[in-house]
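# Per-entry structural report
Letter by letter, the chains look like this.
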Amino acid sequence: MTNEKLQKETLYIHKGYHSNLHHGSLTVPLYQTSTFAFETAEQGARRFEGEEAGGIYSRLGNPTVHVLEERMAALEYGEGALAFGSGMAAVSTILVHLTKAGDHILCTRGIYGCTFGLLNILKEKYNITHDLSLLASEEAIEAAIKPNTTCIYIETPINPTMEIVDIEMITKVAKKHGIPVVVDNTFSSPYLQNPLQLGADFVLHSATKYINGHGDVIAGILVGKQNEEIEAIRMSIQKDYGGIISPFDAWLLIRGLKTLHVRMDRHTQNAEEILSFLKTCDLVENIYYPYDDQNPQFEIAKKQMKAGGGLISFTVKGGIKSAQKLMNELKLIKIAVSLGDAETLIQHPATMTHSVVPEKERMEMGITDGLLRLSVGLENSTDLIEDLQSAFSKLKS
Ligand SMILES: *Cc1c(COP(=O)(O)O)cnc(C)c1O
């Protein structure tokens, strides 16, 4: 059975599952059920009272989902986890949990587009305000905290410019003020970065990306330092807002997680090879990758990330025209948003993921018209580089 001493790669495959309790089934069974039958009326009453463990109704808990949650809690070094039907359901649940009308949320300057959309809904409906800040020094964080700040919400690396924020520094300042810190860890996956170990209180993932890794599920995960708080969220906001995951999608995530470490190593290796190639391209202006020795934030990246991961952004000379032509000339690499899949994907943030950001802010964030983001997949890197090389050669002609 599983114990605390096992290494994380082993936990990805075994944590939270006991085959002897499931007819010896090697893999986690799929409990595709909406509800659970009670033996007696009294047993049903005991389950509702919380006096007896066991199923009631799948919005309140499901055995397949539970394995995923227990595994994710272990992988992020938390006590408890909740699985959701999308990354955004995890984001909205934690923000609703940590705020009330009139509060303030402090965020990193770059955050996921729909998270930004959600912050605007909270502002319009409940006067929950927010600030986007660089959070680049202790003084800057102190200055950005307001008397009504009840949550610090960060993403690192920041999409799509790969800026790194120092998780440990932020949590240190937040602790002085008693403000909980939430980290969206989607870009790194639990294999490359573990924010709870750096002092954060909650970590969340769009499990749609690296955790599933196969491009066939939309899902989210929230992990908390304290199980009591996670269980309170389960039986309130998650239960009553209802953003739960389906048992089948949880089952697919359990399957995806088994290879997370193997995939992340190869994503990283391929990205590093593409990084070296891009450095030789005279049509490439800037390259953004956490583990690039030219990156001024390389030291912070090394401190908190095990490796650079599979995302790499770069700007091409010639702005939007060149960027779009390059994408159109690619044969193997797919034009698509999302990330973390086996297939290499390329997208143009200015007209796709960040098209809703006003131009001035977009430029301030470094999202220029020539910027492209690659989610490097698991193909043979020589084939990927040849695809890029051939597309670049067409730009010149
Ligand atoms: C995709 C993504 C989300 C949203 O997740 P969904 O699963 O699409 O709801 C949130 N944060 C980041 C960083 C993402 O990449």
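Residues numbered from 1 in each chain as written. Predicted model: local features only at pLDDT ≥ 70, side-chain atom pairs only at ≥ 80, totals over all residues. Heavy atoms only, no water.

### Remarks on the pairing of strand β2 (residues 104-108)
Across the 5 residues of β2, 5 count as buried, placing the element largely inside the fold. Here β2 pairs with strand β3 (residues 129-133) via 5 bridges, running parallel. Bridged to cysteine 107 within β3 is leucine 132. Running through helix α5 (residues 113-126), the crossover from β2 to the neighbouring parallel element β3 is right-handed. The sheet contact formed by β2 and strand β4 (residues 149-155) spans 4 bridges and is parallel. Note on β4: the bridge partner recorded for leucine 106 is isoleucine 152. (Buried < 20%, exposed > 50% of the residue type's maximum accessible area, 1.4 Å probe, protein only. Helix = DSSP H or I, 4+ residues; strand = E, 2+ residues; numbered from the N terminus. Pairing = 2+ DSSP bridges. Right-handed = clockwise from strand over helix to strand, strands pointing away.)

### Remarks on the side chain of threonine 99
By the element assignment, threonine 99 lies in the loop between α4 (87-98) and β2. Within the structure, the side chain of threonine 99 is placed 2.6 Å from the backbone oxygen of leucine 95, a separation counted as a polar contact. Not counting residues up to four positions away in its chain, the partners in contact with threonine 99 are Ile105, Ile128 and Thr150. (Polar contact = N/O pair within 3.5 Å; in protein donor to acceptor, adjacent residues only side chain to side chain. Contact = heavy atoms within 4.5 Å.)

### As for the nonpolar core
Ranked by size, the top nonpolar core spans 56 residues in total, and within it Leu68, Met72, Ile152, Ile154, Ile170, Val181 and Ile245 carry the most contacts. For this core, the element with the highest residue contribution is helix α3 (residues 63-75), accounting for 7 residues. Counting contributing residues per domain, this core is built from domain 1 (7-257) and domain 2 (260-396), each supplying no fewer than three. Each residue touching leucine 68, except ones within four places of it in the same chain, is listed here: Ala83, Ile221, Ile245, Ala250, Leu253, Ile254 and Leu257. (Core = buried A, V, L, I, M, F, W, Y, C linked by side-chain atoms within 4.5 Å. Domains from an automatic or database assignment.)

### Things to note about the environment of methionine 264
Tracing the sequence through the fold places methionine 264 in helix α11 (residues 260-279). Residue class for methionine 264 comes out buried when judged on its relative accessible area of 0%. When sequence neighbours within four positions are dropped, the list of residues in contact with methionine 264 reads Ser188, Ser189, Tyr191, Leu192 and Tyr210.

### Describing the domain arrangement of the protein
Often the size quoted for an interface is simply the accessible area lost on bringing the parts together. For the protein, the assigned domains read domain 1 (7-257) and domain 2 (260-396). Taking only C-alpha atoms into account, the centre of domain 1 sits 27 Å from that of domain 2. Taken together, the contacts link 35 residues of domain 1 with 35 residues of domain 2. When domain 1 packs against domain 2, close to 3,200 Å² is buried across both sides, 61% of that on carbon and sulfur atoms. (Buried area = accessible area lost by both parts, 1.4 Å probe.)

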